[in-house]
Amino acid sequence: MSSGRAELVRELKSLRKGRGLLAGGIEQRIGPALRAACRVAETDGPVTTRDKVAARLRELADLLSEDLRDATLAAFAVAPDARLPLYQDRVHWAALRADRDPRTVRRRVDEAIAQIADLATGAAGGRTADRTHGWHTTRLRVVAALDRAQPEALEQRRIVVDEDGLREVDLTPLLPASRRDLDVCVFYGGTLVERDGRFALVLPRPLARGETHEFEVRFRLPAVQAVRPHLVCVPSLPCELFDLRVRFGGRAPRVWTLSGAAPTAVSGPAPYGNRHPVDPTGELHLRFYQLTPGLAYGARWA
């Protein structure tokens, strides 16, 4: 365990005690590792400090599985209904809500803290330090329905702005097809434009450094075009979480997953990667954390 991650784990375990984020003297309870992870400045007062830490914990908890997310928001008194005076009270509240015993919730909180520390220190580390495009992705969720007459994918993305004045972001569809074949529709978060053969999303307003923004776009293929046998993200910018769901339908193929593979592996000969089962409904669900720019993550099948 690196010293930075270990220190963050220690500080998070200390913060969850007592009233958690609602404790008095919150500035004194926030150590250097947590200040760095939550971008808390020395000049920030108690209200700003509490707001920044709560916002960052919500953001990171949203990258976890549902059970760990709920345990996290209760443990630190971030969830409105869990603002109870003692940590053991919040654990008991979460246990009743999840229909589990308190020991299970405590284990989930410990696991969540470990994963949050991984995400926070990874996001601050060297892999994400080179942000030359003005933004990076904290969460990319893709739902692809391939069992329809017109295969389509919904891509929901949450980004964080790294430079002041961000006005637009490039869109790189995961659905493998030429751009001229794709029917593209923005559900929310901006206005679609096409420039020099690429898609871009013009944001509702210029965004400042540190702001977050979400948008969702649908990509649809023509009915006459078959889907190439892969759905893969090769990020050009840092990405903290890639959540992929694929619905194949009644006749599911054999599937292999790629996690940090060379891009050439995407279209190489099958089988390649790790074999992964498809559930009885013909659906596949994969999650990838801390994606390295330039490498491939996702699924291919045959």
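Quick caveat, the model's predicted, so the values are computed rather than measured.

(A) Looking closely at the sheet that holds strand 13 (residues 296-301). Strands sit in the order 8-13-10-11 across an open sheet of four strands; the sheet is antiparallel. Where the open sheet ends on each side, the last strands, each with one partner, are strand 8 (230-233) and strand 11 (274-276). On average, adjacent strands in this sheet sit at an angle of 20° to one another, irrespective of strand direction. With four bridges joining them, strand 8 and strand 13 adopt antiparallel strand pairing. Residue pairing for strand 13: histidine 230 is matched across the bridge by arginine 300.

(B) Highlighting the pairing of strand 13. Within strand 13, six of the six residues are buried, which leaves it mostly tucked inside the rest of the structure. Both faces of strand 13 are covered, namely the face carrying Ala296, Gly298 and Arg300 and the face carrying Tyr297, Ala299 and Trp301.

(C) Spotlight on the sheet that holds strand 6 (residues 198-207). Read from one edge of the open sheet, three strands run 3-6-5, paired in antiparallel fashion. Only two strands of the sheet have a single partner each, and these edge strands are strand 3 (166-171) and strand 5 (191-195). For this sheet, the mean angle separating the axes of adjacent strands, direction not counted, is 35°. Relative to strand 6, strand 5 runs antiparallel, the two sharing five bridges. If you follow arginine 195 over to strand 6, its bridge partner there is arginine 198.

(D) Summary view of the packing of aromatic side chains. Going through the model one piece at a time under the given rule, you end up with three aromatic pairs. For the ring pair phenylalanine 248 and tryptophan 301, a centre distance of 5.0 Å and an interplane angle of 75° mean the geometry is edge-to-face. With phenylalanine 248 in the loop between strand 9 (239-247) and strand 10 (255-261) and tryptophan 301 in strand 13, the pair connects residues that are 53 residues apart, well separated along the chain. Overall, the relative accessible area of 12% leaves tryptophan 301 in the buried class.

(E) Up close: the state of the cysteines. One pass over the full model with this rule turns up zero disulfides. Cysteine cysteine 38 shares no disulfide, and the gap to the nearest cysteine sulfur, in cysteine 239, comes to 20 Å.

(F) Spatial organisation of the pattern of salt bridges. Enumeration according to the criterion identifies 22 salt bridges in this entry. Two residues, arginine 56 and glutamate 59, come together in a salt bridge whose shortest N-O distance is 2.6 Å. Of the two residues, arginine 56 and glutamate 59 are both situated in helix 4 (residues 46-61); the distance of three residues between them amounts to about one turn of the helix. Two residues, aspartate 62 and arginine 139, come together in a salt bridge whose shortest N-O distance is 2.1 Å. Taken together, the residues span a long stretch of sequence, with aspartate 62 in the loop between helix 4 and helix 5 (66-75) and arginine 139 in strand 1 (residues 135-145) at a distance of 77 residues. Judged by its relative accessible area of 14%, aspartate 62 is buried.

(G) Representation of helix 4 in the model. With 16 residues, helix 4 ought to run about 22 Å at 1.5 Å a step, and its terminal C-alpha atoms sit 22 Å apart, in line with that. Burial in helix 4 covers these residues: Thr49, Val53, Ala54, Arg56, Leu57, Glu59, Leu60 and Ala61.

(H) Local environment of unusual backbone geometry. One non-glycine residue, arginine 39, adopts positive backbone phi at about 55°. With respect to the helices and strands, the residue arginine 39 is situated in the loop between helix 3 (32-38) and helix 4. On the basis of relative accessible area, arginine 39 is assigned to the partly exposed category, the value being 44%. Residue aspartate 99 is not a glycine yet carries a positive backbone phi of 60°. Inspection of the secondary structure assignment puts aspartate 99 in the loop between helix 6 (87-98) and helix 7 (102-124).

Parameters and conventions
Residues numbered from 1 in each chain as written. Predicted model: local features only at pLDDT ≥ 70, side-chain atom pairs only at ≥ 80, totals over all residues. Heavy atoms only, no water. Pairing = 2+ DSSP bridges. Helix = DSSP H or I, 4+ residues; strand = E, 2+ residues; numbered from the N terminus. Axes fitted to C-alpha atoms, helices over the stretch in contact; angles between N-to-C directions. Buried < 20%, exposed > 50% of the residue type's maximum accessible area, 1.4 Å probe, protein only. Phe/Tyr/Trp six-rings, centres within 6.5 Å; stacked < 30°, edge-to-face > 60°. Disulfide = S-S within 2.5 Å. Salt bridge = Lys/Arg side-chain N within 4 Å of Asp/Glu carboxyl O. Expected span 1.5 Å × (residues − 1).

From the geometry alone we can't say anything about function, so treat these as descriptive.
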